[in-house]
Amino acid sequence: ISIVNGKVTPLASITTFVNAGKSTQDSAQFALVKRFNGHFGGRLSYTYSRSKGNYGNAGAGTASAYFQTRTRTGYNFDTGEIIGDPLNLNLGDPRNDGQPVNWLRPHNLVLSGTWSVPHTSWGSARGLVVSGIFRYLSGDQTTILSNTRLDNGNRAPAPSGTYRGNGASDLTLKGVTSDGRLFGTQQPNFKRLDLALRYELPLVRGVSVALLGEIYNLTSEANFASVGNSIAGTAGFLTPTSVYNPGGRSYQLGARLSF
């Protein structure tokens, strides 16, 4: 209760803090490097990561109390004690415990290299140089939700299984799996190949010009930013609505004068 100007008013709710959230992250990193020797150089790097815990680091409602059951509590101002049902965050709920963090990407592969094409040089200029970088990342995590509500108003995760989108778009995803827990579904993977070409020509002593050409997303991959609507059975379910830029192949040309 609260007492203001002698008037007794019941408290609608009491905020308490429970330090029971936990998560762990483990990863292994590998790298292979070939130093550039005037002709070729490159780097291959890979990271494998796993995580688990009972706190989803936001997303999918209020993750720290996502499965919290409604409680009726009060406060005894004479004794300083909370009375009524104890706060229950249900952090040990099997749909919650052992979940990955929502930003987890299990696989991260990067391959980059530079090649100075033989027999293309002019005098002291290098000639044609080709560089590229390829990146592959697993999608991060999301939750497939159902129309069933938990007693605290949050949508319950949909049962484990394989889901198909119901949208009319040809972008609608099919075969999306969920383990029935928070962040138990992996978002679409990311793949992108970028290339850069540079052709250097000497003009006069100490002066050269480099013609530059850059191609982004060479294979024109549509890298979806998310699965889109993740509520099973609703309009646009599993139909992505956005992609990472550039959404298709793009080009850039330029020239650089050096002296």
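See the structure printed just above.
Here is a short report on the structure shown in this document. As the structure is a computational prediction, the values presented were derived from the model and not from experiment. (Residues numbered from 1 in each chain as written. Predicted model: local features only at pLDDT ≥ 70, side-chain atom pairs only at ≥ 80, totals over all residues. Heavy atoms only, no water.)

Quick notes on the sheet that holds strand β4 (residues 40-53)
(1) Moving on: Across the sheet, which stays open at both edges, the seven strands sit in the order β3-β4-β7-β8-β15-β16-β17 with antiparallel pairing between neighbours. Each having just a single partner strand, β3 (23-34) and β17 (250-258) make up the two edges of the open sheet. The mean inter-strand angle of the sheet, taken between neighbouring strand axes irrespective of direction, is 10 degrees. (Pairing = 2+ DSSP bridges. Helix = DSSP H or I, 4+ residues; strand = E, 2+ residues; numbered from the N terminus. Axes fitted to C-alpha atoms, helices over the stretch in contact; angles between N-to-C directions.)

So, a nonpolar patch on the surface
(1) Moving on: Judged by side-chain polarity, L203, V204, L257 and F259 come together as a nonpolar surface patch covering roughly 500 Å² of accessible area.
(2) Moving on: Mapping F259 onto the fold places it in the segment after β17.
(3) Moving on: Among the residues examined, F259 registers a relative accessible area of 81% and is labelled exposed. (Patch = residues over 30% accessible without salt bridge, like charges linked within 9 Å, V, L, I, M, F, W, Y side chains within 5 Å. Areas by Shrake-Rupley, 256 points an atom, 1.4 Å probe, with all protein chains shown as cover. Salt bridge = Lys/Arg side-chain N within 4 Å of Asp/Glu carboxyl O. Buried < 20%, exposed > 50% of the residue type's maximum accessible area, 1.4 Å probe, protein only.)

With respect to unusual backbone geometry
(1) Moving on: Following N245, the chain continues into P246 via a peptide bond in cis, with omega recorded as -10 degrees.
(2) Moving on: Note that P246 resides in the loop between β16 (207-216) and β17.
(3) Moving on: For S220, which is not a glycine, the phi torsion comes out positive at approximately 55 degrees.
(4) Moving on: Inspection of the secondary structure assignment puts S220 in the loop between β16 and β17.
(5) Moving on: Notably, L238 is not glycine yet its phi reads approximately 60 degrees, a positive angle.

A short note on the layout of surface pockets
To locate leftover empty space, one rolls a probe as large as a water molecule over the atoms.
(1) Moving on: When its volume is computed, the second largest pocket comes out at roughly 160 Å³.
(2) Moving on: Along the walls of the second largest pocket sit 16 residues, with F40, G42, S112, G113 and T114 positioned nearest its centre.
(3) Moving on: Residue assignment for the lining of the second largest pocket shows that the elements contributing at least two residues are β3, β4, β7 (107-116) and β8 (128-137).
(4) Moving on: The element that contributes the greatest number of residues to the lining of the second largest pocket is β7, accounting for five residues.
(5) Moving on: For the lining of the second largest pocket, the residue count by class is eight nonpolar, six polar and two charged. (1 Å grid on protein atoms, 1.4 Å probe; cavity = no way out; pocket = protein on both sides within 12 Å on 5 of 7 lines; lining within 4 Å. Points joined across faces, edges and corners; volume = space filled by probe spheres on them. Nonpolar A, V, L, I, M, F, W, Y, C, P; charged D, E, K, R; others polar.)

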